[in-house]
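# Descriptive analysis of the structure
One letter stands for each residue in the lines below.
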There are 2 protein chains.
Amino acid sequence: MNHARIQGVLSPVVTPFRSDLSPDAERFVRHCRWLLSQNVGLAAFGTNSEANSLSADERIELLEHLVAAGLDTSRMMPGTGCCALPETVRLTAHAMKVGCAGVLMLPPFYYKGVSDDGLFRSFAEVIERVGDRRLRVYLYHIPPVAQVPITLGLIERLLKAYPDNVAGIKDSSGDWANTKAVLDAFAPSGFDVFPGSETFLLASMRAGAVGCISATANINPGPIARLHATWQAADADRQQQRLDEIRTIMQSYVMIPALKAAIAHWGGDPAWTTVRPPLVPLTAAQAADLVTKLEHKDFQMPGLLERR
Amino acid sequence: MNHARIQGVLSPVVTPFRSDLSPDAERFVRHCRWLLSQNVGLAAFGTNSEANSLSADERIELLEHLVAAGLDTSRMMPGTGCCALPETVRLTAHAMKVGCAGVLMLPPFYYKGVSDDGLFRSFAEVIERVGDRRLRVYLYHIPPVAQVPITLGLIERLLKAYPDNVAGIKDSSGDWANTKAVLDAFAPSGFDVFPGSETFLLASMRAGAVGCISATANINPGPIARLHATWQAADADRQQQRLDEIRTIMQSYVMIPALKAAIAHWGGDPAWTTVRPPLVPLTAAQAADLVTKLEHKDFQMPGLLERR
């Protein structure tokens, strides 16, 4: 295990918007600070961050706010993968410049059915153009959304060509067989695997993963981080079961507005419910239903209210 | 029919790149000028333009080059739909500023399974923010690539809310039943339908379409434009059959590199073969095979070589 690398539980930080749909940097910094206080790192600008609904300028500005607020960049793995090569290069170089531990990189996702040759060339161009030995790229495999997969063959080629830069993967396939195959093939040689949901946290840790990057870590960070820290403890299966109960409730809604509704409720801050189109907020009835279900499980967000 | 609106055959203009993958404005202007000379309009920055592989800055700069070269903006319908609302607004406002006839607007395409409410809100925000009565939006329905459809219900809602701005649709579903349903429902009240392939040109014109926007118009513009102009002539079915023969050959390759290979060959300009990742060029063998098949059909690109 390479301790210089980022590990543990990370949250694809939800992005707050003002009523005019502009990013709300102040609330963003506050939420990131709370996540760090819960021992959860910052995979800002992921799928659950509405990152692709932000312009490149907006992402850069929000990241600058985190840095200016003094948040620990060694706990940051911002998403930088765009459809357009120059934008991916620009965001990746910026993340490196401000000292982020790594970047989470979607493949270009507009064209479907592209070849592994073309995807290899995409990642290779970014790595070559950024040209920084410190760069740590975490490949982002999320076929249900991007529809463009990161295959085992592609990982192998990238690792061979750029062993210092290709550091790991977030596997959001939701397919345990794929996560297990990636772990078996590449984890023994130091490739860092993060499943994309805490549902697979315990099984993944037992199979050689280094953490997870999960939407639900936005609202349930402490318990997820605790399972990561104590996965070899006697109560690990019980902890996993408890995490799954919360996850199951969240997954019965559209995830992003549901996360924001929970933060709005437990943070006492209704402004958090705003999403950018094409997403829509939960209805008032859905939000109330969500809160009731979570309360029924004694769900809490300790310290969130105090940080307003 | 509203003669102030753009009609006829348009080409999603392929974007030339230099060997360092930067956009080649000079070749771009030259190709656009040739297309206009063949009576084909410019749907620059479409799917076949690798538009989503370009940054917003690159698109704006290329469009500025067309304007500076004196090309007719009343024949232009650039693509402006991005995943991020601010970028769609920026590109759309710019296209309006330079006098383009309209814009071709993809829905935000990262999130899948989004609601018509969310898509309505996306288009509505763009129209409201651009805030220009002259704006003509052509909705871009291309479910095989974007994976986010423009439904008949969404068209109806948008037309009701913004009758002056929502001008038409490019239907690249490849599904004649859908194109026919859109034509039947909305063409009679002046909604302009462009099928996304000349394969459907004759059938669409007979059913009330106003033209087509087709990849193949990059290389076969004259004959496609002639069928549009003479669709009521006695030889129309024969013309359609001839167009289909060329289209069928092109469709047996990955379209974008195949278009560029044809332009490189008939234009005597090998630099045209460059594509941005995640696409890859045709192999030399594929390109030679393509040329042989097209030559076998007496395919030509008249005037292209002279315009170098």
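Our subject is the structure listed above.
So, here's what we can say about the structure. No experiment lies behind these values; they were computed from the predicted model shown.

## Examining the interface of chain B and chain A
Taken residue by residue, the interface counts 43 residues in chain B and 43 residues in chain A. Here chain B packs against chain A, burying approximately 3400 Å² in sum over the two surfaces, 62% of which is carbon and sulfur. Considering only the surface of chain B that becomes buried against chain A, Y110(B), Y111(B) and P278(B) emerge as the three largest contributors, covering 24% of it. Our count for the chain B to chain A interface comes out at 0 salt bridges. Between chain B and chain A we count 16 residue pairs in polar contact (both at pLDDT 80 or more) in total. With 7 residues, the single largest contributor to the side of chain B that touches chain A is helix 4 (residues 116–130) of chain B. In the side of chain B that touches chain A, the residues fall into 25 nonpolar, 8 polar and 10 charged.

## Focus on the relation of the copies chain B and chain A
Each copy superposes on the other: chain B lies on chain A with an RMSD of 0.0 Å after a rotation of 180° and an axial shift of 0.0 Å. Both copies are brought into coincidence by an operation consistent with a two-fold rotation axis. Identified as the residue of chain B closest to the rotation axis by C-alpha distance is Y110(B), at 4.0 Å. Comparing interface residues between copies, 100% of those in chain B also sit at the interface in chain A, which points to an isologous, same-surface contact.

## Considering the sheet that holds strand 1 (residues 8–11) of chain B
Residues and elements named next belong to chain B. As summarised here, the arrangement of the 3 strands in space is 2-1-7, forming an open sheet in which the pairing is parallel. Bordering the open sheet on either side are strand 2 (41–42) and strand 7 (211–213), each of which pairs with just one other strand. Sheet topology note: the strand 1/strand 2 ladder contains 2 bridges and is parallel. Residue pairing in the sheet places L10 in a bridge with G41 of strand 2. Against the sheet, helix 9 (residues 221–229) engages strand 1 and strand 7, with an angle of about 155° to strand 1.

## Description of the pattern of salt bridges
Per the counting criterion, the structure on display carries 36 salt bridges over all chains. Among the ionic pairs, D269(A) bridges to R30(A), the shortest N-O distance being 3.8 Å. Of this pair, D269(A) sits in the loop between helix 11 (255–266) and helix 12 (284–296) while R30(A) sits in helix 1 (residues 25–37); the two residues are 239 residues apart in sequence, bridging distant segments of the chain. Accessibility expressed as a relative area gives 5% for D269(A), which makes it buried. As a salt-bridge pair, K297(B) and E245(B) come within 3.9 Å of each other at their nearest N and O atoms. Placement of the pair is K297(B) in the segment after helix 12 (284–296) and E245(B) in helix 10 (residues 236–251), with a sequence separation of 52 residues.

## Regarding the pairing of strand 4 (residues 137–141) of chain B
Residues and elements named next belong to chain B. In terms of residue burial, strand 4 counts as a mostly covered element, since 5 of its 5 residues are buried. Of the two faces of strand 4, both are covered, the one formed by V137, L139 and H141 as well as the one formed by Y138 and Y140. By the bridge criterion, 3 bridges tie strand 3 (residues 103–105) to strand 4 in an arrangement that is parallel. Along strand 4, the bridge assignment pairs L104 with Y138. On the question of chirality, the crossover connecting strand 3 to the parallel strand 4 by way of helix 4 is right-handed. Bridge count for strand 4 against strand 5 (residues 166–171) is 5 bridges, and the pairing is parallel. Residue pairing in the sheet places H141 in a bridge with D171 of strand 5.

What counts, and where the lines are drawn
Residues numbered from 1 in each chain as written. Chains lettered and ligands numbered in written order. Predicted model: local features only at pLDDT ≥ 70, side-chain atom pairs only at ≥ 80, totals over all residues. Heavy atoms only, no water. Contact = heavy atoms within 4.5 Å. Buried area = accessible area lost by both parts, 1.4 Å probe. Salt bridge = Lys/Arg side-chain N within 4 Å of Asp/Glu carboxyl O. Polar contact = N/O pair within 3.5 Å; in protein donor to acceptor, adjacent residues only side chain to side chain. Helix = DSSP H or I, 4+ residues; strand = E, 2+ residues; numbered from the N terminus. Nonpolar A, V, L, I, M, F, W, Y, C, P; charged D, E, K, R; others polar. Least-squares fit on C-alpha atoms with pLDDT ≥ 70 in both. Pairing = 2+ DSSP bridges. Axes fitted to C-alpha atoms, helices over the stretch in contact; angles between N-to-C directions. Buried < 20%, exposed > 50% of the residue type's maximum accessible area, 1.4 Å probe, protein only. Right-handed = clockwise from strand over helix to strand, strands pointing away.

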